[in-house]
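Next come the chains, spelled out residue by residue.
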Amino acid sequence: MTSHAELIDGAAVADAVRAEVAREAAALLATRGITPGLTVVLVGEDPASAVYVRSKEQACKEAGMHGETIRLPATTSQAELLAVVDRLNADPAIHGILVQMPLPKQIDAQAIIRRIDPRKDVDGFHPENVGKLLIGDADGFAPCTPAGVMVLLERYGVDVAGKEAVVLGRSTIVGKPMMSLLVNASATVTVCHSRTRDLARHTAKADILVAAIGKPNFVTAEMVRPGAVVIDVGINRVEDPANKKGYRIVGDVDFTGVSRVASKITPVPGGVGKMTIAMLLKNTVRAASVA
Ligand code: NDP
């Protein structure tokens, strides 16, 4: 059977957002002499984090922004990292600060997040920004991945108001901010997690289904209402001897099966993942414009 769902092309939307950001950055430079600056702090040698950090730096450069990475050893103490955050908070050339997670275990991640000036917290994880998102204050910064989902829905003409939205996952990074963004956009939102009973009963009523649980191919066609819009946030490595890396990346949604029943669907890769860095750049330009 052929696929029926329209593909939501995250790569194309991310490129469009990045082009908009580049125009805004150029305008800021021309009118106010400001080059938006993002500093990423990487502690330790986590290989996946190192890849993310390099792409963030590259994306900044492409958008005409100042992007720098501070690389610290895995043995960095909490006091040393707090001192770096304090220095960046005080630096007027830096508009966005991102401390790459996970941090080594001697460092309390919450203490670091709380130390970042909320006006420079372009990741949207500081409690002040989390609170602003919950009360619907657009002055704050929303976390990049769920904010990117909202942009995908908007650019693909999905009217969220009044819709049944079901979010799978309740993390601080994706599930909970996704819930806030959807409810602020007037959806009726259900949040499911590992303790949810009869999950398929919830997913079956979703007009918009967002999967962010980190379980490969978890959402199957039988769980999805025909015509639903399905957004797959999951990024999972599964073994694949046919691939020269020995693995491939799949989402939380069984793409082949679900694309036969959904009306629109994001692929993995090439869907939500591409939006995260684009939204990070967007938040940084906004931080610079109000600095
Ligand atoms: P977490 O591990 O922090 O959270 C997972 C959530 O899913 C938890 O709330 C957990 O429930 C719930 N969950 C786990 N198993 C089940 C299950 N069987 N049934 C129902 N709920 C379940 O993950 P993240 O939110 O950080 O990430 C989720 C996925 O999104 C991952 O694949 C990650 O790689 C990806 N991701 C992608 C990004 C992107 O840029 N596209 C950015 C961030 C994440 P409970 O709370 O009860 O434990």
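Residues numbered from 1 in each chain as written. Predicted model: local features only at pLDDT ≥ 70, side-chain atom pairs only at ≥ 80, totals over all residues. Heavy atoms only, no water.

*Asks:* Tell me about the domain arrangement of the chain, and please be specific about residues and values.
*Replies:* Parsing the chain into structural domains produces domain 1 (34–117) and domain 2 (142–273). Domain 1 and domain 2 are separated by 28 Å when their C-alpha centres are compared. (Domains from an automatic or database assignment.)

*Asks:* Talk me through the pattern of salt bridges; I want residue IDs and the actual numbers.
*Replies:* For side chains of opposite charge, pairing can occur when their charged atoms come near one another. The full count for this structure, using the stated rule, is 10 salt bridges. For Glu6, the salt bridge goes to Lys264, with nearest N and O atoms at 3.5 Å. One end of the pair, Glu6, is in strand S1 (residues 6–7); the other, Lys264, is in strand S11 (residues 264–265), with 258 residues separating them in the sequence. Here Glu20 makes a salt bridge to Arg155, at a shortest N to O gap of 3.0 Å. Placement of the pair is Glu20 in helix H1 (residues 10–32) and Arg155 in helix H6 (residues 144–155), with a sequence separation of 135 residues. Judged by relative accessible area, Arg155 falls into the partly exposed class, the value being 36%. (Salt bridge = Lys/Arg side-chain N within 4 Å of Asp/Glu carboxyl O. Helix = DSSP H or I, 4+ residues; strand = E, 2+ residues; numbered from the N terminus. Buried < 20%, exposed > 50% of the residue type's maximum accessible area, 1.4 Å probe, protein only.)

*Asks:* Hey, could you go over the pairing of strand S9 (residues 236–239) for me, with residue numbers and the actual values?
*Replies:* Burial along S9 is one-sided: the face carrying Asn236 and Val238 is buried and the face carrying Arg237 and Glu239 is not. Pairing of S9 with strand S10 (residues 247–250), which is carried by four bridges, proceeds in the antiparallel orientation. Directly across from Val238, in S10, lies its bridge partner Arg248. (Pairing = 2+ DSSP bridges.)

*Asks:* Could you give an account of the nonpolar core, naming the residues involved and the relevant values?
*Replies:* By size, the foremost hydrophobic cluster in this structure holds 55 residues, and its most contacted members are Leu153, Leu182 and Ile231. Of the residues forming this core, the biggest block, 10 residues, is contributed by helix H10 (residues 272–289). When residues of this core are assigned to domains, at least three map to each of domain 1 (34–117) and domain 2 (142–273). Those residues in contact with Ile231 that lie beyond four places of it in its chain are Ile8, Val149, Leu153, Leu209, Val210, Ala211, Thr266 and Val272. With 17 residues, the next largest nonpolar core counts Leu168, Leu199, Val230 and Ile265 among its residues. (Core = buried A, V, L, I, M, F, W, Y, C linked by side-chain atoms within 4.5 Å. Contact = heavy atoms within 4.5 Å.)

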